[in-house]
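Now for the letters of each chain:
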Amino acid sequence: MLPRGVHRVFRPSRPPVGTEFSYYLEMAVRSLRRNPVLTALMVVAIALGIGACMTTLTALHVLDGDPLPGRSGSIYMPRIEPRASDASNEVLRPDQLTWTDGMALLHAARATHQALMVGGEATIRPGDPGVDPFIMPARFTSADFFPMFGAPFQFGQGWSAADDEGRAHVAVISDALNARLFGGANSVGRSIQVNDTSLRIIGVLAPWRPVPHFYDLNTGAYASPEDIYLPLTTARATQLPRAGGIQCWSTGSTEEALMESAPCAWLQFWVQLDSADAVKAYLAYLNDYVHVQHASGRFELLKPAELTSVKGLLDEKQVVPGDVRLQFWLASAFFVVCLVNTVGLMLAKFLRRAGELGVRRALGASRRHIFAQLLVEAAIVGLAGGVVGLGLAWAGLGLVRLNPNRSAQLAHMDISMLLTTFVLSVVAASLAGLFPAWRACQVPPGLHLKSQ
């Protein structure tokens, strides 16, 4: 009993600062469990939007990614105009070189690294007579291909410039081919029979697949990685079959055996230039080369040379299918619609609890604490929607991979997309809960106390 005239003052208990979030979490879970139907509707709305959005975003992320993370900014394709005057109306230079120009630029060695190459096919003849020969995609290139593109080695290493000049019978194979022929063991030093030529294996690559297949779009923007690499000079000397695009002009023989002198562009050439000054200097060298060739009569047209970046080439060739971008924007619009529906559901749910919230306000809870608790509740809805949406995204990507196109086969969710799914879901649900939470906090507590 208190003395006469002394009144007890009620002070609402408030959780310690360190346990404030856990208190909000407990209250939010209780609130969500009290109305499971409305909670399920909000989770489903978020999940559908996340599932559709992340399916298309993952496909776009894979197809429009950087094929050489950390390196592509310094890789360029030199482009010159060797064609006859009937090509004067074309704005873009060819994206391939003739043998004469390719070898001249390769031997000039004006860049940090330079690689001349073409795609091809190799008929592999296993040592076991009981195993039939099989054809694998090949890359005929020069020594700098591996250091310039950062191709990782599991065993051994690439060849040298001296091997290019000497037409050495050496090869680098992929990890897949190494597993098929040698069970994944270190095969460096062993021999492999390609067509009628025996090649000594000097390196085995670790799993490596630049996407898109930027360095030779002629074999396919999303082509499978090559399984065997050997010197371009060796491939030409042993007459291994070439694959890829070719553009010829003027007169002259275009027989495969005479391609070194034919008026045809069929080789890809890439250089590594590590600074803006290096780019400027190399472009000046290219223009000097063009002037010399024009003065000698080889080039009919005197057009300035160009250096095209990796990203610039992918944009020019419109490598990413247009329907993939369209599907992403449509899915994003659908996600926005789902969020609008979620806002409505949250607003209905929070306003139905106005009586409870009014009592808590009257007992001393501030608007800030009520607002924070409601946002935690919205974030839990987003987290649950992310879990369900992730399952829908996995299923959606599975359906995408049923498409026979090579690009569709690459649609897989990586760690970054996995984390993006949950972050996007929680952030989106929290943003959707801002207005409903604010609106619920504006209800005067006295209005509901009268009805209690």
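The structure this text deals with has already been given above.
Residues numbered from 1 in each chain as written. Predicted model: local features only at pLDDT ≥ 70, side-chain atom pairs only at ≥ 80, totals over all residues. Heavy atoms only, no water.

1. Some points on the overall build of the chain
Point 1. The secondary structure content of the chain amounts to 14 helices and 13 strands.
Point 2. The buried share of the chain, reckoned over its 452 residues, is 47%.
Point 3. Long-range pairs, those at least 24 residues apart, make up 74% of the contacts in the chain with a sequence separation of at least 6.
Point 4. Carbon and sulfur atoms form 60% of the exposed surface of the chain, whose accessible area is close to 22000 Å². (Helix = DSSP H or I, 4+ residues; strand = E, 2+ residues; numbered from the N terminus. Buried < 20%, exposed > 50% of the residue type's maximum accessible area, 1.4 Å probe, protein only. Contact = heavy atoms within 4.5 Å. Areas by Shrake-Rupley, 256 points an atom, 1.4 Å probe, with all protein chains shown as cover.)

2. Side note on a nonpolar patch on the surface
Point 1. A surface patch of nonpolar side chains, about 480 Å² in accessible area, is lined by Val44, Leu48, Phe334, Val387, Val388 and Leu392.
Point 2. Those elements that provide at least two residues to the nonpolar patch are helix H2 (36–63) and helix H12 (367–401).
Point 3. Looking at the nonpolar patch element by element, the count peaks at three residues for H12.
Point 4. Take valine 388: its relative accessible area is 41%, and that puts it in the partly exposed class. (Patch = residues over 30% accessible without salt bridge, like charges linked within 9 Å, V, L, I, M, F, W, Y side chains within 5 Å. Salt bridge = Lys/Arg side-chain N within 4 Å of Asp/Glu carboxyl O.)

3. A short note on helix H8 (residues 276–296)
Point 1. With 21 residues, H8 should cover 30 Å at 1.5 Å per step; its first-to-last C-alpha distance of 31 Å lies within 8% of that length.
Point 2. Within H8, the full set of buried residues consists of Val279, Tyr282, Tyr285, Leu286, Tyr289, Val290 and Gln293. Projection of H8 onto a plane perpendicular to its axis shows the buried side chains occupying an angular sector of 145 degrees, all on one side. Exposed side chains of H8 directed beyond 90 degrees from the buried face belong to Ala276, Asp277, Lys280, Val292 and Ala295.
Point 3. Tucked inside the fold, the buried residues of H8 contact strand S1 (75–79), helix H3 (99–108), strand S12 (268–272) and strand S13 (306–309). (Expected span 1.5 Å × (residues − 1). Arc of directions from axis to C-beta.)

4. Structural notes on the state of the cysteines
Point 1. Evaluated as defined, the whole model comprises one disulfide.
Point 2. Paired through a disulfide, cysteine 248 and cysteine 264 show a sulfur-sulfur distance of 1.9 Å. Looking along the S-S bond of the cysteine 248-cysteine 264 disulfide, the torsion reads about 110 degrees, which is the right-handed sense. Residue cysteine 248 is located in strand S10 (residues 247–248), and its partner cysteine 264 is located in strand S11 (residues 264–265); the two are separated by 16 residues in the primary sequence.
Point 3. Free cysteine cysteine 338: the closest other cysteine sulfur is in cysteine 53, separated by 10.0 Å.
Point 4. Owing to a relative accessible area of 5%, cysteine 338 belongs among the buried residues under this scheme. (Disulfide = S-S within 2.5 Å.)

5. Here's the deal with the environment of valine 320
Point 1. Within the element layout of this structure, valine 320 appears in the loop between helix H9 (310–316) and helix H10 (322–352).
Point 2. For valine 320, the residues in contact, after removing those within four places along its chain, are Leu60, Leu63, Asp64, Tyr222 and Arg325.

6. Overview of the nonpolar core
Point 1. Phe145, Phe149, Tyr215, Tyr229 and Trp270 are the most contacted members of the largest nonpolar core, which has 62 residues in total.
Point 2. Here this core takes nine residues from H2, the largest share from any one element.
Point 3. Core analysis: the next-biggest nonpolar cluster, separate from the first, contains 47 residues, Tyr76, Ile80, Ile124 and Tyr282 among them. (Core = buried A, V, L, I, M, F, W, Y, C linked by side-chain atoms within 4.5 Å.)

7. Focus on the pattern of salt bridges
Point 1. Scanning all chains against the criterion turns up 11 salt bridges.
Point 2. Linking arginine 93 and glutamate 306 is a salt bridge whose minimum nitrogen-to-oxygen distance equals 3.8 Å. With a gap of 213 residues between them, arginine 93 in the loop between S1 and H3 and glutamate 306 in strand S13 connect regions that are remote in the sequence.
Point 3. Here glutamate 306 falls in the partly exposed class, since its relative accessible area comes to 24%.
Point 4. Of the charged contacts in the structure, one is a salt bridge between lysine 311 and aspartate 315, with a shortest N-O distance of 3.7 Å. Residue lysine 311 and its partner aspartate 315 are located together in helix H9, separated by four residues, close to a single helical turn.
Point 5. Given the relative accessible area of 42%, lysine 311 is considered partly exposed.
Point 6. Salt bridges here are not isolated pairs; linked through shared partners, they connect Arg79, Asp95, Glu316 and Lys317.

8. Overview of the packing of aromatic side chains
Point 1. Applying the stated criterion to the full structure yields 17 aromatic pairs.
Point 2. Residues phenylalanine 149 and phenylalanine 214 carry aromatic rings whose centres are separated by 5.3 Å and whose planes lie at 80 degrees to one another, so their mutual orientation is edge-to-face. Of this pair, phenylalanine 149 sits in helix H4 (residues 145–149) while phenylalanine 214 sits in the loop between strand S7 (197–205) and strand S8 (228–231); the two residues are 65 residues apart in sequence, bridging distant segments of the chain. With respect to class, phenylalanine 149 is no different from phenylalanine 214; both count as buried.
Point 3. Ring geometry for phenylalanine 214 versus tryptophan 270: centroids 5.3 Å apart, planes at 80 degrees, classification edge-to-face. (Phe/Tyr/Trp six-rings, centres within 6.5 Å; stacked < 30°, edge-to-face > 60°.)

9. A closer look at the side chain of arginine 236
Point 1. Its location among the elements puts arginine 236 in helix H7 (residues 232–237).
Point 2. Taking the relative accessible area as the measure of exposure, arginine 236 reaches 15% and is therefore buried.
Point 3. In contact with arginine 236, not counting residues within four places along its chain, are Trp99, Glu256, Met259, Glu260 and Trp266.

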